[in-house]
Structures are given as C-alpha cells and as structure tokens.
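Breakdown of the fold
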Amino acid sequence: MKFNEQQKTPLFAALKKYVEDKTISFHVPGHRGGRGIPEFCDFVGENIMSIDVTSGILDLDTICNPLGVIHEAEDLAARAFGADHAHFLVNGTTSGIQAMILSVAGPGDEIIVPRNAHRSVVGGLILSGVHPVYIKPVINDYMGIAMGITADSVRRALVEHPNAKAVFVINPTYYGVASDLKKIVEIAHSYGKPVIVDEAHGAHLGFHPDLPMSAMQAGADMSAASMHKLAGSMTQSSILLIKSDLIDDRKVKAAMNLTQTTSPSYPLMASLDVARRQMAINGRQMLDVTIERCERARQLLNDINGIYVMGHDVEGNEGCFAYDPTKLAINLRELGLSGFETEKLLKYKYHIQMELSDLYNVLAVGAIGDSEESISALIAAIRDIALKYSRKNVIKISAELPENQEMVVSPRFAFYSEKRVVPLEEAEGEISTEMLMAYPPGIPILCPGERITREVIEYAKALNSEGCHLQGTEDPDAKSIKVLADIESVKYYERIKQVV
C-alpha cells in the first residue's frame with residue numbers, strides 16, 4: 001500500500017465538484033438537493049442532500065459496471081486492504097455475503113458453514129439453493145455464547161464432504177472471537193476449496209498489529225466487511241474484497257449485480273471513499289487510542305464485583321485463537337441480572353445504548369469515534385448498576401443454548417414449500433420453514449429446513465421471558481411458526497434429491 005496514493009478520494013472529490021459546479025438537476029432523485037423536502041433538509045443539512053445523486057451521471061460513474069471514479073475508489077480500497085479487487089456495497093454486508101455464496105456454489109452444492117452464521121447466510125442459501133454443512137462452534141458455557149470454529153472441525157467436514165464447494169468462516173464473531181483463520185485457509189486450500197469470510201465485524205482488523213489477522217492477511221479468497229460498523233463509513237456501506245486464484249472476480253461481480261441495487265446511495269459510497277483514506281493513513285493511530293481505551297475500560301469493569309468482561313484471557317482456549325480487544329462483552333450473571341434487563345437499565349436510566357444484549361451479557365462495541373467521556377460514562381453506569389440492582393446468588397437463568405438441529409430439507413426447499421402455521425409451543429418434531437433468532441446478533445436459533453426440537457422451544461421461551469424480542473417468523477411475536485405442510489413434502493424432497 002502506497003500512502004501517497006491513499007490520500008486521494010476520487011469519488012468524494014467528483015461529488016464535491018458536481019456541487020461546486022452548481023449543476024442544474026433534471027435527474028432523480030426528485031428532492032433536487034433537498035429543496036423538495038425542506039424539513040428533512042433543514043435537519044440533516046444541505047451538503048448531504050446535494051450529493052444524493054443518481055447512478056450513471058456523467059463524471060460520477062455507475063456501480064453496476066464502474067469504469068470511472070467509482071472504479072478508481074474501489075481500486076484504492078483494494079490496495080488499502082491488501083486485496084486484488086474491491087467492490088463497494090450499499091446493501092450492507094448482507095448483499096456481499098449472498099454474492100459470495102452465489103459466486104462459489106449453485107443449486108444442490110454444499111458449502112461448509114459455522115452454525116452461528118448470520119441470518120444473511122441463510123438468505124444466501126435460499127437464493128442459491130446451496131446446502132449447508134453446519135459446523136458446531138465451540139460454546140463458552142459461562143458467557144453463554146458461541147465462540148469460533150476449530151481447524152480440526154473444518155478438516156473433518158472436508159473429509160466427510162469432499163464435494164463441498166467452499167468453507168465459510170466468521171472473522172471475528174459479533175463478540176470479538178477469531179478462529180485460527182490462517183490455519184483454516186491452509187487446510188481448505190490443500191483440498192482445493194476457497195475460503196469466504198463474513199468480516200462484518202472485522203473491517204478494522206488489517207490496520208493494527210494488536211488485532212486478529214484480517215481475512216486478506218490470512219490468505220482467504222473473499223471477505224465481506226462492514227466498513228460502517230468499525231471503520232467510520234455510514235450505515236449500510238460495506239466492501240467486498242477478493243484475492244484468489246480459485247475465484248473469478250467477474251463471476252463475483254455478476255452475482256453482486258443480482259443482489260445489489262442499481263440506484264446506489266452516493267453519500268454511502270462517498271463515506272466509503274473517505275473512510276478508506278482515513279483508515280489507510282490514520283488507522284493505526286486511531287486504533288491505538290481505541291484499543292487503549294477499551295483495555296482500560298475492561299480492567300476497570302473487571303474490578304467491579306460480579307462483573308466479568310472477556311478479553312485476551314480467552315485466547316488459546318478451544319474456539320478462540322485471537323480476540324479483538326475493541327469488544328467489551330460484559331457478563332452479569334453473578335449479579336443475577338440478564339443482559340436484556342441491563343440493556344434496558346442502561347438505555348432508560350443512564351441514556352446509554354448498547355450494541356446488543358443476550359441472556360447473560362451486554363455488548364459494547366469500541367470504535368474510533370469513542371471519547372474518554374463516553375467510555376467513563378459506561379464504566380460509571382455499570383458500577384452503579386452493580387451496586388443498586390444486583391440480586392446476588394439468584395440463579396434466574398438456566399436455559400442452555402440448543403444443540404445443532406437436524407436439517408431435514410434444504411433451506412431453499414423449505415422456503416418455497418407448502419406451509420401451515422402452528423403454535424411454537426406445539427411445534428416439536430415439525431420442520432420449520434422460517435428462521436427464528438434474536439436480533440441482534442442475528443444468529444438463527446432455528447433455520448428453514450430444520451426439525452424443531454423441545455430444546456429450541458424452551459430456549460425461545462427463556463429468551464421471551466427475559467424480554468428478548470425474537471425475529472424471523474411472519475408472526476411478529478414469534479408465538480407461532482410456519483412448518484412444512486405434511487410428511488409428503490419430505491418424501492418429495494427425498495425423491496428430487498436422489499434425482500439431482
């Protein structure tokens with residue numbers, strides 16, 4: 001990466017010139033630089049509205065087949081991240097994950113996937129017709145969360161499924177846990193299989209030596225990274241990176257054009273352009289400060305009686321090769337409080353909004369935009385909660401994470417099959433045609449095509465009782481769920497599977 005060339009922001013510069021030239025607009029969008037929606041424009045500002053233009057304008061390029069300033073901005077991003085190719089995403093990392101799946105496998109093919117993969121992966125499986133071979137991640141019983149996958153589990157899956165088209169890895173998990181990605185890549189490549197990576201929470205990894213290895217550094221073939229989460233760009237803007245002898249970039253671009261809008265947001269793409277420059281030029285220094293603040297916060301929080309915050313202490317344990325110290329997963333089980341209760345206390349009493357909560361934890365995501373004041377406010381609030389609200393020695397939460405479910409039919413078959421609605425409480429033994437998850441983090445408890453077990457039902461009830469709002473079902477309250485209409489659907493699936 002050449003730092004001098006990284007100073008440029010070709011797309012952002014072109015947009016500023018478009019505004020400075022006082023171009024008269026007769027193109028969409030119809031708000032005409034904000035004049036058509038003055039109340040909104042007054043609040044967000046004229047500048048952001050003035051660069052909200054449309055794709056295909058002369059000198060501003062097009063995202064579907066970029067040849068001008070978007071292409072130049074993407075090329076700079078590729079070099080900054082150590083990739084051969086980079087593609088801007090304005091439908092979030094979700095569209096990148098789905099494009100990765102579509103570009104490596106097709107209907108009836110298999111890919112190896114961690115069971116704690118994001119809901120966007122299930123969407124990619126439905127769109128592509130690919131069959132998942134699920135690998136169970138290691139579970140941290142105390143935290144009550146899924147950690148990473150092991151290199152040995154990947155090797156076993158490849159031996160048992162030699163026709164699998166790719167290996168899918170999360171780097172890192174929502175909670176900051178990184179698997180031994182470099183080893184996994186070596187194993188997969190020894191079998192001639194590409195490695196595709198969900199790097200939604202890892203866009204910052206390649207810019208600091210104290211962070212886990214990025215996908216590109218580890219030799220992975222593709223990764224989709226949420227620049228908006230931790231690298232400074234606007235929400236919904238992400239990037240797809242490719243560096244591979246096993247994957248054709250043209251095929252990836254074709255898949256992207258199936259899932260991504262033809263009317264991209266130029267403010268989102270401009271923020272990617274500027275965030276890339278910032279990370280390339282100043283990322284190391286900014287992350288120095290972020291990591292130092294998070295490590296200090298971790299130490300002070302761990303000094304509070306009844307609080308545990310995971311950190312580098314979990315590295316080397318099964319399922320955790322490396323840990324991202326910018327994540328503050330605050331465990332409250334010793335206080336007798338659930339994460340859901342604590343999230344509400346923090347929001348409504350202390351005006352602090354956490355990233356997510358689960359049965360045992362609340363998660364704070366440290367980022368380059370944090371300040372000493374905001375970090376200190378979080379520490380003070382947790383300290384106050386520990387003093388005022390704890391119910392020590394109360395064993396309130398006993399639900400265990402459900403084990404891997406039996407996949408009876410493919411996600412795609414389940415999604416398109418005839419269905420009937422049953423109460424979730426009475427659905428044991430049925431085959432789900434919907435996802436069931438807590439969002440965030442968006443990791444399905446149940447995927448389409450899986451048999452519903454009593455463990456899943458009880459876990460969902462435990463989440464509900466603690467105030468977690470479950471998602472994924474058409475029923476907004478997740479009290480009922482759609483299942484395969486009858487056993488004949490399964491018999492039909494078995495017949496067509498044999499033909500294929």
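Just so you know, these numbers come straight off a predicted model, no measurement behind them.

What follows concerns empty space enclosed by the protein. Considering all chains together, one arrives at one cavity of 30 Å³ or more under this definition. Considering only enclosed or pocket space, the largest cavity measures out at about 40 Å³ in volume. For the largest cavity, the full set of lining residues is Pro114, Asn116, Met147, Gly148, Ile149, Ile170, Thr173, Val177 and Ser179. Of the residues belonging to the lining of the largest cavity, the class tally is five nonpolar, four polar and no charged.

A few words on the packing of aromatic side chains. For the coordinates displayed, the defined rule picks out three aromatic pairs. A centroid spacing of 6.0 Å and a plane angle of 80° characterise the contact between Tyr142 and Tyr308, whose relative ring orientation is edge-to-face. Of this pair, Tyr142 sits in the loop between β4 (139-140) and β5 (145-146) while Tyr308 sits in strand β11 (residues 308-309), and the two are 166 residues apart along the sequence. Between Phe415 and Tyr416, the aromatic rings sit 5.0 Å apart at their centres with planes inclined by 85°, giving edge-to-face as the arrangement. A residue is classified by how much of its surface remains accessible, and Phe415, at 40% relative accessible area, is partly exposed. Classification of Tyr416 by relative accessible area gives exposed; the value is 55%. Across from the ring centre of Tyr134, 5.0 Å away, lies the NZ or CZ of Arg115, which sits over that ring. Positioned above the aromatic ring of Tyr350 is the side chain of Lys349, whose terminal nitrogen or guanidinium carbon lies 5.7 Å from the ring centre.

Moving on to the packing of helix α7 (residues 151-160) against helix α8 (residues 181-190). At a minimum axis distance of 9 Å, the contact between α7 and α8 shows a crossing angle of 15°. Taken together, the axes of α7 and α8 are roughly parallel relative to one another. Crossing of α7 against α8: the hand is right-handed. In this structure, α7 contributes Ala151, Val154, Arg155 and Leu158 to the contact, and α8 contributes Lys183, Ile184, Ile187 and Ala188. For the contact of α7 with α8, the per-class residue count stands at six nonpolar, no polar and two charged.

Let us now look at the pattern of salt bridges. Evaluated as defined, the whole model comprises 21 salt bridges. With a closest N to O distance of 2.7 Å, Glu430 and Arg420 form a salt bridge. With Glu430 in the loop between β16 (419-423) and β17 (436-438) and Arg420 in strand β16, this residue pair connects regions lying ten residues apart in the sequence. Between Glu425 and Lys461 there is a salt bridge, with the nearest N and O atoms lying 3.3 Å from each other. In this pair, Glu425 is assigned in the loop between β16 and β17 and Lys461 in helix α16 (residues 454-465), connecting sequence segments 36 residues apart.

Right, let's get into α7. Those residues of α7 that sit buried are Ala151, Ser153, Val154, Ala157 and Leu158. Taken around the axis of α7, the buried residues stretch over an arc of 160°, which confines them to a single face. In this structure, α7 carries Val159 and Glu160 as exposed residues pointing more than 90 degrees from its buried face. Where α7 is buried, its residues contact β2 (110-114), β3 (131-135), β6 (167-170) and α8.

Conventions used here
- Residues numbered from 1 in each chain as written.
- Predicted model: local features only at pLDDT ≥ 70, side-chain atom pairs only at ≥ 80, totals over all residues.
- Heavy atoms only, no water.
- 1 Å grid on protein atoms, 1.4 Å probe; cavity = no way out; pocket = protein on both sides within 12 Å on 5 of 7 lines; lining within 4 Å.
- Points joined across faces, edges and corners; volume = space filled by probe spheres on them.
- Nonpolar A, V, L, I, M, F, W, Y, C, P; charged D, E, K, R; others polar.
- Phe/Tyr/Trp six-rings, centres within 6.5 Å; stacked < 30°, edge-to-face > 60°.
- Helix = DSSP H or I, 4+ residues; strand = E, 2+ residues; numbered from the N terminus.
- Buried < 20%, exposed > 50% of the residue type's maximum accessible area, 1.4 Å probe, protein only.
- Lys NZ or Arg CZ within 6 Å of the ring centre and 35° of its normal.
- Axes fitted to C-alpha atoms, helices over the stretch in contact; angles between N-to-C directions.
- Parallel < 35°, antiparallel > 145°, perpendicular 65-115°, else oblique.
- Left-handed = near helix turned anticlockwise from the far one by under 90°.
- Contact = heavy atoms within 4.5 Å.
- Salt bridge = Lys/Arg side-chain N within 4 Å of Asp/Glu carboxyl O.
- Arc of directions from axis to C-beta.

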